[in-house]
Amino acid sequence: LVTTMSLGIRRLKRSFPLSSIAPPTANARLAAMHAVMTQRIVIPQQHSQRISSHSPFCCLRRNFTMSHPTFFEQSFQQIDQLIFKVEKSLPAQKQSGKSESKKKSNKGGKGKKPAANYSNNEDIARFQKSNIQVSRVAEVKPLENSTKLLLIKLETSSGEKQVVAGLQEFYSVDEMHGKLVCAILNLKPAKLAGVVSEAMLLAGSAPDASGAMQVKLLEPPKGSELGDRLFVAEDETKPLDDNILPAADRVNEKQWKKAVTLLKVINGKATYADKVMRTKKGDVAVPLPDNAEIH
């Protein structure tokens, strides 16, 4: 169809040179010819004569009528108007294409977070990807209709987060208010008792002498500030800053569960893979016996 129309256009141009009409793009000219062929452009019968049977247009529309040459000027003016409408949208499409390419290039440019050089040790790499920070309990209250959960507004370096924690049996509201805690901030938000929890407070647990369960929050070292990252030193000879790598945007729940199996208390300190968890201010403490779980 396109080939036949194109041939017809070339014959028209040879028969009736359009020196006064700006040459349109091929697609626009074909669109215009299609409009003529389907009689969207009306040719008055008084100016028409039937097209010859050997014309390339005949196979498309045998009852198509060609106007008297004096009418062609008017006909092509109508075609030109249609072409103008078709071509008018082309620059916008090209421009939008450019903007899309810019967006794509930006994704791979300055806006993209540089790849962190995580440890070759998979266990250490899991911890490095976890965004565990010193945070502050800004507001706290018992969760409605619950005897175990606390609803906490947590102040972090990246803004406030809502946390639901099962600490009501172990900490009073007064004890929790203003307390510095260690929280992992890049887990996928989860619902507890129908309420969204956007972070998780780290705590240790172990039975006491009577067999009753005791739970203690991890305690940041003295002098800790909001946003201090927790890390483990894979190589003690390296500067501390070399052990603090950019956290991943999100930690997979499955990977975090694997990491939790390596958390425990040794000598009153929080450890991961038998390495002490710390901030730049010092070691993270947990007042629980050795081998107490951390979760």
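Residue positions within a chain follow its written sequence, with the count starting from 1. Predicted model: local features are reported for residues with pLDDT of at least 70 only, side-chain atom pairs are reported and counted for 80 or more only, and whole-chain, interface and lining totals are derived from all residues. To get the side-chain values, all heavy atoms of the structure are used, and hydrogens and water are removed first.

Would you mind showing me how to read the overall build of the protein here?
We count a stretch as a helix when DSSP gives it H or I for four or more residues in a row; a strand needs E for two or more, and each element gets its number in order from the N terminus. Regarding its fold elements, the protein presents seven helices and 17 strands. Within the protein, the proportion of its 295 residues that are buried is 36%. Throughout, the Shrake-Rupley method with a 1.4 Å probe supplies accessible areas, and for residues the shown protein chains are the sole cover considered. Carbon and sulfur atoms make up 50% of the accessible area of the protein, which totals about 17,800 Å². Each residue is placed in one exposure class: buried if its accessible area under a 1.4 Å probe, protein chains only, is under 20% of its type's maximum, exposed if it is over 50%, and partly exposed if it falls in between.

Please clarify how the pairing of strand β4 (residues 150-156) should be interpreted in this entry.
Remember that side chains alternate between the two faces of the sheet whenever the strand is regular. Within β4, five of the seven residues are buried, which leaves it mostly tucked inside the rest of the structure. Note on pairing: two strands pair once DSSP finds at least 2 bridges between them. Here six bridges tie strand β3 (residues 132-142) to β4, and the two strands are oriented antiparallel to one another. Residue pairing for β4: Glu 139 is matched across the bridge by Lys 153.

I'm lost on the pattern of salt bridges in this one. Help?
Here the idea is simple: oppositely charged side chains can pair when their charged atoms come close. A pairing counts as a salt bridge when a side-chain nitrogen of Lys or Arg comes within 4 Å of a carboxyl oxygen of Asp or Glu. Applying the stated criterion across every chain, the model contains 10 salt bridges. Arg 136 is the salt-bridge partner of Glu 155, the closest N and O atoms lying 3.6 Å from each other. Placement of the pair is Glu 155 in strand β4 and Arg 136 in strand β3, with a sequence separation of 19 residues. One salt bridge connects Asp 283 with Lys 269, and the closest N-O pair in it is separated by 2.8 Å. Here the residue Asp 283 occupies a position in strand β16 (residues 282-283), and Lys 269 occupies one in strand β14 (residues 269-272), the gap between them amounting to 14 residues. Owing to a relative accessible area of 28%, Asp 283 belongs among the partly exposed residues under this scheme. Owing to a relative accessible area of 32%, Lys 269 belongs among the partly exposed residues under this scheme. When salt bridges with common partners are traced through the structure, they connect Glu 122, Asp 123 and Arg 126 into a single cluster.

Can you help me understand the side chain of Asp 228 in this one?
Checked against the element boundaries, Asp 228 lands in the loop between β11 (213-217) and β12 (231-232). Pairs of N or O atoms within 3.5 Å make up the polar contacts considered here, provided that, within protein, one atom can donate a hydrogen while the other can accept it, and that residues adjacent in sequence are counted only when both atoms are side-chain atoms. Among the polar contacts listed, one links the side chain of Asp 228 to the side chain of Lys 281, at a separation of 3.1 Å. In what follows, a contact means two residues having at least one pair of non-hydrogen atoms within 4.5 Å. Every residue in contact with Asp 228, bar those within four places of it in the chain, is listed here: Ile 132, Gln 133, Val 134, Thr 279 and Lys 281.

Would you take a moment to explain the packing of aromatic side chains for this structure?
The description of an aromatic ring pair uses the distance of the two centres, along with the angle that the planes make with each other. Between 30 and 60 degrees the pair is tilted, below 30 it is stacked and above 60 it is edge-to-face, where a pair is any two Phe, Tyr or Trp rings, Trp via its six-membered ring, whose centres lie within 6.5 Å. Inspection of the entire model under this criterion finds one aromatic pair. A ring pair is formed by Phe 127 and Tyr 272, whose centres lie 4.9 Å apart and whose planes are at 35 degrees; its orientation type is tilted. Residue Phe 127 is found in helix α5 (residues 122-129), and its partner Tyr 272 is found in strand β14; the two are separated by 145 residues along the sequence. Using a relative accessible area of 2% as the deciding quantity, one classes Phe 127 as buried. Given a relative accessible area of 0%, Tyr 272 falls into the buried group.

Can you walk me through the sheet that holds strand β5 (residues 159-165) in this structure?
Strand pairing in a sheet relies on backbone hydrogen bonds. The paired strands run either parallel or antiparallel. Taken together, the five strands give an open sheet; going across it, the order is β5-β4-β3-β6-β9, and neighbouring strands pair in antiparallel fashion. Pairing within the sheet leaves two strands with one partner each, and these edge strands are β5 and β9 (200-201).

Mind showing me how you'd approach α5 here?
Given 3.6 residues to a turn, an α-helix orients residues that are three or four positions apart in the same direction. Every buried residue belonging to α5 is among Ile 124, Ala 125, Arg 126, Phe 127 and Gln 128, and all of these are buried. For α5, the secondary structure elements touched by its buried residues are β3, β12, α7 (253-260), β14 and β15 (275-279). Its side-chain oxygen 2.9 Å from the backbone nitrogen of Asp 123, Asn 121 forms the N-cap of α5.

Looking at this structure, how should I read the confidence of the model for the protein?
Residues shown with low pLDDT carry predicted positions that ought not to be read at fine detail. Predicted confidence across the protein gives a mean pLDDT of 77, with 61% of residues reaching 70 or more. By definition, pLDDT measures how confident the predictor is in each residue, and it falls between 0 and 100. Ignoring residues within four places in sequence, the model shows residues 15-25, a span with pLDDT below 50, making 12 contacts including any to other chains.

Any chance you could explain the pairing of β3 here in plain terms?
Bridge count for β3 against strand β6 (residues 180-184) is five bridges, and the pairing is antiparallel. In the sheet register, Val 134 faces β6, and the bridge partner there is Cys 182.

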